[in-house]
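# Breakdown of the fold
Given next are the chains, with one letter for each unit.
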Amino acid sequence: MTIVAAMIVAAAAMILVRFGWDGRRACAPLGWVAAAGACIAATLADGAWGLAVVTLTGLVAALAMVLYAGWTSPARPQRPARVAAAIALPRRGSEIVARVAVFVLVVPVAFVAAQWLAFGVQAAARRAGAVETDAVVLTLFLQPIAWAIIIAVQMTRAGPSRMIAAPASAALLGMLFWSVA
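Predicted model, so just to flag it, every value in this text is computed and none were measured.

Looking now at the overall build of the protein. When you go through the protein residue by residue, the secondary structure sums to five helices and zero strands. Listing each helix as α and each strand as β along the protein from the N terminus yields α-α-α-α-α. Its C-alpha radius of gyration of 23 Å places the protein more than 25% over the 16 Å reference for a compact globule of 181 residues. In terms of principal-axis extent, the alpha carbons of the protein reach across some 60 × 60 × 25 Å. Residues counted as buried form 26% of the 181 residues belonging to the protein. Across the protein, the fraction of contacts at a sequence separation of at least 24, relative to all contacts at a separation of at least 6, is 63%. Carbon together with sulfur atoms contributes 73% to the accessible area of the protein, which is approximately 12,500 Å² in total.

In structure tokens, the structure reads:
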């Protein structure tokens, strides 16, 4: 498949995904499979350049559809809020402790857990024979992604006690990778 054909398939794939969002549910998975196929074909044909061009084509097609939908959709009437928004400062000690606990769990604890996972993957990659440069780049790439995923999971939890599972799981997974290495 040439890069031009892969670009056409990527644009058509985004159209299928859009049809899937309109209610034709079977179209969306078909669109994603077509997009993945176009990316794989472009990568096999032209390497990273082919992947970049086909991905950009899909992104531009998706952005064009979103912009068109935003331009043609009617504006919603603005209704006044029923209850005035209020951001109350914590007054009780337990509320302050809960907010500090959320901060500590989301920022330093999640960061350390993501770093531990990245170090574990790096150790496993070195054990598997990866060059040191590749292992370091893998660590630098994985850490912020893992941190973002941990934070996203944490922020969907109701309280600090339920936020512990995400960083604990990442740290245990990092320990597992480290022990394999």
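Structure's up, so let's keep going.
Let us now look at helix α3 (residues 93-127). Spanning 35 residues, α3 covers 49 Å between terminal C-alpha atoms, matching the ideal 51 Å at 1.5 Å per step. Along its length, α3 reaches its greatest deviation from straightness, about 35°, at Val109. Following α3 by one or two positions, Gly129 has its phi on the positive side, about 105°.

Using the criterion set out here, one finds three salt bridges in the structure. A salt bridge links Asp22 to Arg18; its shortest N-O distance comes to 3.1 Å. Residue Glu132 pairs with Arg126 through a salt bridge whose shortest N-O separation is 3.2 Å. Since its relative accessible area comes to 38%, Arg126 is described here as partly exposed.

Under the defined criterion, the tally for this structure stands at two aromatic pairs. Note on Phe111 and Trp147: the rings are 5.0 Å apart at their centroids and 80° apart in plane angle, and the pair reads as edge-to-face. One end of the pair, Phe111, is in helix α3; the other, Trp147, is in helix α4 (residues 132-154), and 36 residues separate them in sequence. According to the relative accessible area criterion, Trp147 is partly exposed, its value standing at 25%. Taking the centre distance of 5.1 Å and the plane angle of 10° together, the rings of Trp116 and Trp178 count as stacked. In this pair, Trp116 is assigned in helix α3 and Trp178 in helix α5 (residues 165-180), connecting sequence segments 62 residues apart. Judged by its relative accessible area of 32%, Trp116 is partly exposed. Overall, the relative accessible area of 39% leaves Trp178 in the partly exposed class. The ring of Phe19 carries Arg24 above its face, with NZ or CZ at 5.0 Å from the centroid.

Reading guide: rules and limits
- Residues numbered from 1 in each chain as written.
- Predicted model: local features only at pLDDT ≥ 70, side-chain atom pairs only at ≥ 80, totals over all residues.
- Heavy atoms only, no water.
- Helix = DSSP H or I, 4+ residues; strand = E, 2+ residues; numbered from the N terminus.
- Rg over C-alpha atoms; globule rule 2.2 N^0.38 Å.
- Buried < 20%, exposed > 50% of the residue type's maximum accessible area, 1.4 Å probe, protein only.
- Contact = heavy atoms within 4.5 Å.
- Areas by Shrake-Rupley, 256 points an atom, 1.4 Å probe, with all protein chains shown as cover.
- Expected span 1.5 Å × (residues − 1).
- Bend = angle between axes of the 7 residues up to and from the residue.
- Salt bridge = Lys/Arg side-chain N within 4 Å of Asp/Glu carboxyl O.
- Phe/Tyr/Trp six-rings, centres within 6.5 Å; stacked < 30°, edge-to-face > 60°.
- Lys NZ or Arg CZ within 6 Å of the ring centre and 35° of its normal.

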